[in-house]
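# Working through the structure, step by step
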Amino acid sequence: MQESVHESAVWDRVTAASRNAAEKAPAPAPIGPELLSALERQQVIRQQYLSLRSRTGGEFRQSTQEVLRRNQAQIRTLSALYFYLNGRRPALTPASPAGTTREPAVESIRRLLREEELSMGRLESLAARSTGETRETLLLLSRQCRLQFQALLTLLGRALEQ
């Protein structure tokens, strides 16, 4: 009787452990191609910031410059993360220069808000498929996109007042 109680306790632990293992998320998939795509999108956003900055002045230009500086830091971090994960420099297609169209600043900011929001979601999705410090870095970049979004929203408010 004593032996069957121990066996049953062991089997209970084994089945509980296997049930917990089955409930865990699957192993993370390689994110290199999506990371490269995110990096290319950030470069396109950078071109849009540069275009917006060239069409603004004063305090508005300073705010745009700050947002641009944070975007450039994100590009550097994404490049470093890509190199860390893949062992090679990212082979980026050159970002096309910003268009020559002279859309109003409010429309440029509105478009940038959508881009930052999409980037935030994509980075969160990549983070969900990653582990460890890679995951934390991607989540940090996503939070930075959220800060960019908030800064752009403030800029949009200022632009609407003008």
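Heads up: these notes are all about the structure in this document.

Moving on, we get to helix H3 (residues 58-86). With 29 residues, H3 extends 42 Å from end C-alpha to end C-alpha; this agrees with the ideal 42 Å at 1.5 Å per step. The set of residues buried in H3 consists of Phe60, Ser63, Thr64, Val67, Leu68, Asn71, Gln74, Ile75, Leu78, Ser79, Leu81 and Tyr82. Against the buried residues of H3 lie helix H2 (32-54), helix H4 (105-128) and helix H5 (132-161). Within two residues after H3, glycine 87 carries a phi angle of roughly 75 degrees, on the positive side.

With that out of the way, let us pick up H4. Given 3.6 residues per turn, any residue in an α-helix points the same way as the ones three and four places further on. Over its 24 residues, H4 runs 35 Å from end to end, which matches the ideal 34 Å to within 8%, given 1.5 Å per residue. Buried within H4 are the following residues: Ser108, Ile109, Leu112, Leu113, Glu116, Ser119, Met120, Leu123, Leu126 and Ala127. Contacts made by the buried residues of H4 are with H2, H3 and H5.

Here we come to the pattern of salt bridges. Taken as a whole and assessed by the stated rule, the structure comprises 6 salt bridges. Note that glutamate 66 and arginine 69 form a salt bridge whose closest N and O atoms lie 1.9 Å from each other. Pair noted here: glutamate 66 and arginine 69 are both in helix H3, with a separation of 3 residues, about one helical turn. Taking relative accessible area as the criterion, glutamate 66 reaches 31% and is therefore assigned partly exposed. A residue is classified by how much of its surface remains accessible, and arginine 69, at 42% relative accessible area, is partly exposed. Between arginine 110 and glutamate 107 there is a salt bridge, and its shortest N-O distance comes to 3.4 Å. Here arginine 110 pairs with glutamate 107, and both are found in helix H4, just 3 residues apart, close to one helical turn. Arginine 110 gets classed as partly exposed once you look at its relative accessible area, which sits at 43%. Glutamate 107 sits in the partly exposed class, given a relative accessible area of 35%.

This part takes up the side chain of serine 119. Structurally, the position occupied by serine 119 is in helix H4. Relative accessible area serves as the criterion here: at 5%, serine 119 is assigned to the buried category. The contact partners of serine 119, leaving out residues within four places of it in the chain, are Gln42, Ile45 and Cys145.

Attention now goes to the environment of isoleucine 109. By secondary structure assignment, the location of isoleucine 109 is in helix H4. Not counting the four nearest positions on each side in its chain, isoleucine 109 is found in contact with Leu52, Phe60, Leu152, Leu155, Leu156 and Ala159.

Between H2 and H4, the shortest axis-to-axis distance is 10 Å and the interhelical angle comes to 160 degrees. With respect to each other, H2 and H4 are oriented roughly antiparallel. Judged by the twist between their axes, the crossing of H2 over H4 is left-handed. On H4, the residues that touch Glu34, Leu35, Ala38, Arg41, Gln42, Ile45, Gln48, Tyr49 and Leu52 of H2 are Ala105, Ser108, Ile109, Arg111, Leu112, Glu115, Glu116, Ser119, Arg122, Leu123 and Leu126. Taken together, the residues of the contact of H2 with H4 sort by class into 10 nonpolar, 4 polar and 6 charged.

As for its placement among the helices and strands, serine 108 is situated in helix H4. Classification of serine 108 as buried rests on a relative accessible area of 1%. A distance of 2.8 Å separates the side chain of serine 108 from the side chain of glutamate 103, its partner in a polar contact. If near-sequence neighbours (up to four positions away) are discounted, serine 108 is found in contact with Leu52, Arg55 and Glu103.

The rules behind each value
Residues numbered from 1 in each chain as written. Predicted model: local features only at pLDDT ≥ 70, side-chain atom pairs only at ≥ 80, totals over all residues. Heavy atoms only, no water. Helix = DSSP H or I, 4+ residues; strand = E, 2+ residues; numbered from the N terminus. Expected span 1.5 Å × (residues − 1). Buried < 20%, exposed > 50% of the residue type's maximum accessible area, 1.4 Å probe, protein only. Contact = heavy atoms within 4.5 Å. Salt bridge = Lys/Arg side-chain N within 4 Å of Asp/Glu carboxyl O. Axes fitted to C-alpha atoms, helices over the stretch in contact; angles between N-to-C directions. Parallel < 35°, antiparallel > 145°, perpendicular 65-115°, else oblique. Left-handed = near helix turned anticlockwise from the far one by under 90°. Nonpolar A, V, L, I, M, F, W, Y, C, P; charged D, E, K, R; others polar. Polar contact = N/O pair within 3.5 Å; in protein donor to acceptor, adjacent residues only side chain to side chain.

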